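Breakdown of the fold
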Number of protein chains: 2
Amino acid sequence: MKKYWSRRIRDMVPYVPGEQPKDRIFIKLNTNENPYPPSEKALMAIQAAADERLRLYPAPGCEDLRQAIAQHHGLLPDQVFPGNGSDEVLAFCFQAFFDPDRTVLFPDITYSFYPVYANFFDLAYHEIPLRDNFDLPVTPFCGRNGGVVIANPNAPTGKSVGLENIRTILDANPEAVVLVDEAYVDFGGISAISLISEYDNLVVVRTLSKSHSLAGLRVGYALGNPNLIAALCCVRDSINSYTLDRVAQAGAAAAIRDESYFLETVEKVIHTRDRCSEELKRMGFIVPESSANFIFISHPALPATKLMDGLRKKGILVRHFDRPRISNYLRVSIGTDQEMDALCAALEKLLESGD
Amino acid sequence: MKKYWSRRIRDMVPYVPGEQPKDRIFIKLNTNENPYPPSEKALMAIQAAADERLRLYPAPGCEDLRQAIAQHHGLLPDQVFPGNGSDEVLAFCFQAFFDPDRTVLFPDITYSFYPVYANFFDLAYHEIPLRDNFDLPVTPFCGRNGGVVIANPNAPTGKSVGLENIRTILDANPEAVVLVDEAYVDFGGISAISLISEYDNLVVVRTLSKSHSLAGLRVGYALGNPNLIAALCCVRDSINSYTLDRVAQAGAAAAIRDESYFLETVEKVIHTRDRCSEELKRMGFIVPESSANFIFISHPALPATKLMDGLRKKGILVRHFDRPRISNYLRVSIGTDQEMDALCAALEKLLESGD
């Protein structure tokens, strides 16, 4: 029964986030969370922000946070737009830069929120098939498009796109915005931020959920030239002028300023990923090279769903996407060394028993 | 220069929030913040939530917060939809319940975000003139409408609508959602929550920004029957599955459970408002009876803008809306007794000097 539902949502199929179990303790490798805690300085900043000033509205311009982000990337504050998680920032981008009658392009295998946004905001879109090895083909993104969205590194494959390819796509779309979603870039991808000064049609989106261990705080941001940032502000101020609470602004700014802790945890995740990838390859898994904090794995001997169910019984959660071309793959977030050892041992057993 | 801006925003006039000054200390009576700090228990809950679990995504279903809200109002959790401030919740309502070709009604003098939402989401709307005394006329809201939005108490007038009028409007709109925005109701308005079990077309929206002194935390919520709540979840999950961070969920739940502190601060604000209203009437001000944490004042001897500028020079901020019928009024938030005494003294001086 959907009485009173607007037409916009009556046939909507919303995004489904990975499971957040409450009933028992799992090794949680299903939502690309960071296994290491957030910066101690971020936690202290949050605690310090929990005082009587919470009676007052937050700074709508998020000046201090924008300053921290700008400095981290060598940009200016007016090239920064922070929001309530990169999902919200992406939703704002779809509204700010794309029009219903101009087709937006993204790969067929990518972050599954993109088609949800496109449907919800009533945008025409076309999904460009990735190559069989999950590499991005560049030519189909060049032409008269209404916009381009590329996750780099891509999700759920973990594969990275070279800067020269991003540049080619930017050059070929001078009348459309090219959105590069760099949610996972800190784990080994190549950022397009260096191109922002050159291209007035480039928007880069980032999140603190993964590389800054702050999935629970909901902070993401867009980077681009001030004209594009102003468009995002216009969308925000038409919906909710204060999207970031005082506590989140303070915690995010402190996390970003704690560069050494950030680099240290990112290094640990990369090291564990590379070690675990080798181990899984030794066990016969197909493991495309990942530049993210997850790996995308498939085994010729056992179907992915069977492996997933078996892992769940052993207390390990991973993510499966029931979609064409990738239904025999599992996306496995990188946990601690100990957690990944437990994963490998569990997979070894499942392969041995064939069940 | 708006190159790359979507048509949706190219001509948008966004909402403008009240000023948040940074340069000097003002007596801030311009954004309806509560002069008293948030519950100590809320602050402690936020500090306790600032721990290593922030590396994990928040509970997308906000179960504990929904439980706290439901219990506060004598409802069930599936009648509760929490969001990132009531502005976001309102924006979700406009998308969930209203269609472009069915005219939505709201008063001509009301929360100025409503026409912004309607324009942004491309909805037809009609503004029903309030009576000259700012009372809501009921009949124009009865008929074949695409939706009704009523702030009760209204902003910026502070005037309250009786439950029998809300009931009449609900009865007359069986095919459309009636949205009652109760942002200020705790300060003396009459809530429509008791009608939720009777009317499957009623949505009530609340915020913790005013009566719970948590403007800085960004938490609001909608109440209604589970079918309407499911529609709001569908909108949320098409935009941003996790709109409320862990810290905000924890702080909001604790604030709502601290009923005695809530009642105490609300009582203090009401007492100050009534005392100050009498004082201003004595000085010749027109002061419509307010059920909110602000008053709406006008003086026959001096134009509102002149009073506002004079107050600013004396370090007091109030809000003026340059709109038809109310351009000679000022909206003054209720501060502490001391702050309101300073306001009255400043106004007295401005009236004496005529400048």
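Look a little higher up for the structure.
Let me begin by describing the structure that accompanies this report. (Residues numbered from 1 in each chain as written. Chains lettered and ligands numbered in written order. Predicted model: local features only at pLDDT ≥ 70, side-chain atom pairs only at ≥ 80, totals over all residues. Heavy atoms only, no water.)

Topic: the side chain of Glu88 of chain A
Rules: A run of H or I in DSSP becomes a helix once it reaches four residues, and a run of E becomes a strand once it reaches two; helices and strands are each numbered from the N terminus. Relative accessibility thresholds used throughout: buried, under 20% of the residue-type maximum; exposed, over 50%; partly exposed, between the two (1.4 Å probe, protein chains only). Only four residue types enter the tally: Lys and Arg on the positive side, Asp and Glu on the negative side, with His and both chain ends excluded. Only one rule defines a salt bridge in this text: a Lys or Arg side-chain nitrogen within 4 Å of an Asp or Glu carboxyl oxygen. Polar contact criterion, stated in full: a pair of N or O atoms within 3.5 Å, where within protein one must be able to donate a hydrogen and the other to accept it, and residues adjacent in sequence count only if both atoms are side-chain atoms. Contacts are assigned to residue pairs with any non-hydrogen atoms lying within 4.5 Å of each other.
With respect to the element layout, Glu88 of chain A can be found in helix α4 (residues 86–97). Buried and without a salt bridge, Glu88 of chain A has Arg236 of chain A as its closest oppositely charged side chain, separated by 7.7 Å. Reaching out from Glu88 of chain A, the side chain makes a polar contact with the backbone nitrogen of Asn84 of chain A at a distance of 3.0 Å. Not counting chain neighbours up to four residues away, the residues in contact with Glu88 of chain A comprise Gly83 and Thr243 of chain A together with Asn84, Glu88, Ile239 and Asn240 of chain B.

Focus: the nonpolar core
We count it as follows: Side-chain atoms within 4.5 Å are what join buried Ala, Val, Leu, Ile, Met, Phe, Trp, Tyr and Cys residues into a set we call a nonpolar core.
By size, the foremost hydrophobic cluster in this structure holds 106 residues, and its most contacted members are Leu65, Leu202 and Leu223 of chain A together with Leu65, Leu202 and Leu223 of chain B. Setting aside anything within four residues of it in sequence, one finds Leu202 of chain B in contact with Leu170, Val178, Val180, Ala192, Leu195, Ile196, Leu223, Gly224, Asn225 and Leu228 of chain B. Among the nonpolar cores identified, the runner-up in size contains 80 residues, and Phe98 of chain A together with Tyr4, Leu90 and Phe106 of chain B belong to it.

Observations regarding the relation of the copies chain A and chain B
Defined as follows: The fit set for superposing copies consists of C-alpha atoms from residues with pLDDT of at least 70 in both; the fit itself is least squares.
For the pair chain A and chain B, the relating rotation is 180 degrees, the translation along its axis is 0.0 Å, and the fit reaches an RMSD of 0.0 Å. Accordingly, the operation relating the two chain copies is best matched by a two-fold axis. Residues of chain A ranked by C-alpha distance from the rotation axis are headed by Gln47 of chain A, positioned 2.4 Å from it. Of all interface residues in chain A, 100% are interface residues in chain B too; the two copies therefore contact each other through one and the same surface.

As for the interface of chain A and chain B
Stated formally: When two parts are brought into contact, each loses some accessible area as probed by a 1.4 Å sphere; the total of that loss over both is the buried area.
In this complex, chain A contributes 85 residues to the contact, which on the side of chain B involves 85 residues. When chain A packs against chain B, close to 7100 Å² is buried across both sides, 54% of that on carbon and sulfur atoms. Looking only at chain A, the three residues that lose the most surface to chain B are Tyr4, Arg55 and Tyr57 of chain A, adding up to 12% of its buried area. Inspection of the region where chain A meets chain B yields six salt bridges.

Thoughts on the side chain of Ser213 of chain A
Residue position: Ser213 of chain A is located in the loop between β7 (202–207) and β8 (220–223). Of the polar contacts made by the side chain of Ser213 of chain A, one reaches the side chain of Asn34 of chain A; its length is 3.3 Å. Among all residues touching Ser213 of chain A, those that are not within four sequence positions of it are Asn34, Tyr36, Pro37, Pro38 and Leu208 of chain A together with Leu54 and Arg55 of chain B.

Brief notes about the sheet that holds β8 of chain A
All names here are of chain A. This is how it is decided: We treat two strands as partners when DSSP finds at least two bridges between them. Only the stretch in contact is used when a helix axis is fitted, and all axes are lines through C-alpha atoms; the angle between N-to-C directions ranges over 0 to 180 degrees.
On the basis of which strands lie adjacent, the open sheet formed by seven strands has the order β2-β8-β7-β6-β5-β3-β4 and mixed pairing. A single partner strand is all that each edge strand has here, and the edge strands are β2 (80–83) and β4 (125–128). Here the average twist between neighbouring strands, direction ignored, is 20 degrees. Pairing between β2 and β8: four bridges, direction antiparallel. Considered in β8, the bridge of Val80 is made with Leu223.

Regarding the state of the cysteines
Residues and elements named next belong to chain B. Filter applied, for reference: Cysteine sulfur atoms are paired as a disulfide whenever they fall within 2.5 Å.
Tallying each qualifying case throughout the model produces zero disulfides over all chains. The closest cysteine sulfur to the non-disulfide-bonded Cys93 is located on Cys233, 11 Å from its own sulfur. A residue is classified by how much of its surface remains accessible, and Cys93, at 0% relative accessible area, is buried.

Some thoughts on the environment of Val149 of chain B
Residue and element names in this part refer to chain B. Counting through the fold element by element, Val149 comes out in strand β5 (residues 147–151). Expressed as a C-alpha distance, the spacing of Val149 and Leu105, which sit 44 residues apart in the sequence, is 6.3 Å. Beyond its immediate chain neighbours, meaning those up to four positions away, Val149 contacts Phe94, Phe98, Val104, Leu105, Phe106, Pro107, Tyr114 and Leu179.

Thoughts on the packing of aromatic side chains
Keep this limit in mind: Under the pairing criterion, centres of Phe, Tyr and Trp rings, with the six-membered ring standing for Trp, must be within 6.5 Å; the plane angle then separates stacked pairs below 30 degrees from edge-to-face pairs above 60, leaving the rest tilted. The rule for a charge over a ring is simple: NZ of Lys or CZ of Arg within 6 Å of the ring centre, and within 35 degrees of the ring normal.
Taken as a whole, this structure holds 34 aromatic pairs over all chains when the rule is applied. Taking 5.2 Å as the distance between ring centres and 85 degrees as the angle between the ring planes, the aromatic pair formed by Phe94 of chain B and Phe98 of chain B counts as edge-to-face. Neither residue differs from the other here; Phe94 of chain B and Phe98 of chain B are each classed as buried. Among the aromatic side chains, those forming a connected cluster through ring pairs are Tyr15, Phe94, Phe98, Phe106, Tyr111, Phe113, Tyr114, Tyr117 and Tyr125 of chain A. Against the face of Phe120 of chain B rests Arg8 of chain B, its NZ or CZ located 5.2 Å from the ring centre.

Treat this as a map of the structure, not an account of what it does.
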